[in-house]
Amino acid sequence: MSTDLGTPPVLSPDEAERAVLLAAPRGYCAGVDRAVVTVEQALDLYGAPVYVRKQIVHNKHVVSDLESRGAIFVEELDEVPEGRTVVFSAHGVSPEVHRQAEERGLKTIDATCPLVTKVHHEAKRFAGDDYDILLIGHEGHEEVEGTAGEAPDHIQLVQSPADVPNIEVRDPAKVAWLSQTTLSVDETLETVAAIRERFPQLLDPPSDDICYATQNRQLAVKEIARDADLVIVVGSGNSSNSVRLVEVALEAGARTAYRVDDAGEIDEAWLEGVDKVSVTSGASVPEELVQGVLSFLAERGYPDAEAVHSAEESLIFALPKELRRDLKAASAKA
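Heads up: these notes are all about the structure in this document. (Residues numbered from 1 in each chain as written. Predicted model: local features only at pLDDT ≥ 70, side-chain atom pairs only at ≥ 80, totals over all residues. Heavy atoms only, no water.)

**Overview of the sheet that holds strand 12 (residues 306–309)**
Move 1: Taken in spatial order, the five strands line up as 10-9-11-1-12 in an open sheet, and their pairing is parallel. What marks the edges here is a single partner per strand, and that holds for strand 10 (257–260) and strand 12. With direction set aside, neighbouring strand axes in the sheet form an average angle of 25 degrees.
Move 2: The pairing of strand 1 (residues 19–24) with strand 11 (residues 276–281) spans four bridges and is classified as parallel. Each bridged residue has a counterpart across the sheet, and for Leu 22 the counterpart in strand 11 is Val 279.
Move 3: Packed on one face of the sheet, helix 9 (residues 240–251) meets strand 9 (230–234), strand 10 and strand 11 and runs near 165 degrees to strand 10. (Pairing = 2+ DSSP bridges. Helix = DSSP H or I, 4+ residues; strand = E, 2+ residues; numbered from the N terminus. Axes fitted to C-alpha atoms, helices over the stretch in contact; angles between N-to-C directions. Contact = heavy atoms within 4.5 Å.)

**Looking at the state of the cysteines**
Move 1: Taken as a whole and assessed by the stated rule, the structure comprises zero disulfides.
Move 2: Free of any disulfide, Cys 29 has its nearest cysteine sulfur in Cys 211, 5.6 Å distant.
Move 3: A disulfide-free cysteine, Cys 113 has its sulfur positioned 6.1 Å from the sulfur of Cys 29, the nearest such atom.
Move 4: Overall, the relative accessible area of 11% leaves Cys 113 in the buried class. (Disulfide = S-S within 2.5 Å. Buried < 20%, exposed > 50% of the residue type's maximum accessible area, 1.4 Å probe, protein only.)

**Structural notes on the packing of helix 2 (residues 30–46) against helix 11 (residues 321–333)**
Move 1: For the pair helix 2 and helix 11, the least separation of the axes is 11 Å and the interaxial angle reads 35 degrees. In this structure, helix 2 crosses over helix 11, and the sense of that crossing is left-handed. On helix 11, the residues touching Thr 38, Gln 41, Ala 42, Leu 45 and Tyr 46 of helix 2 are Glu 322, Leu 323, Asp 326, Leu 327 and Ala 330.
Move 2: Its residues placed into classes, the contact of helix 2 with helix 11 shows six nonpolar, two polar and two charged. (Left-handed = near helix turned anticlockwise from the far one by under 90°. Nonpolar A, V, L, I, M, F, W, Y, C, P; charged D, E, K, R; others polar.)

What follows is the structure, encoded as structure tokens:
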């Protein structure tokens, strides 16, 4: 008995050489998932509107979706009517912001990522021991502002090795460093090495400040970027970890790398002469946006993506205690 499976499609020489690699892990980390679910649950429990100080996470699609459900994003607390509910973003806030919220009688839900909270605790501990703290990060980033606010008299920002010669400290024997959690691991270590050259007794944080998800996504993009003609990183322009992924991809050997918010931002010209495409996404990116990019590539003759696994992630963070308490009370009433 013969079985006719049909004639396989004839691929052009160009298509036969094509490949799409997909980084794993990618997308949502535990802190982002916790923050987004916090706003969703707050809307369900308290009803709209729920105010959110700054973007809950740095992704315009996530923010737009939550706005459509009734979230109102504000820059500062004076935009929130007195007595209303406000959620603090995953990036954290300074003690001054907490004070302002209390002064205005606002109900607060703190969705700060626990890994950012860890850095805040380290800042307070180093300041309590009267160390000068060198905070490696990007000026104006919400996370940096929140951490610096924990000990403003002890913290100075260092953005790159170029800033190191201008550092002034009270006692070279009492200097410690901390970092923004979403930086490039390699660049951070380069800056730390430059600082240590000036201050040999530099004290390290008790554990690595770069978050596990940032490190994992950078390792994953290194795996898929080697020899890639094109790397597409899905993520918003104000997402520090997404921007870093583009830089890491290029350093790892990618011929070209671009960041896009979604498939609609891909330039067809990027695909000219391209056989090997690699795709990943930042830690605040919903998976549906990645799938949109893969569909875009499939429509242009690229094969199904091959997942490249470089790490497994199973960490889950509990919802903020304020929200858990109110959910429990609502459940008891029901």
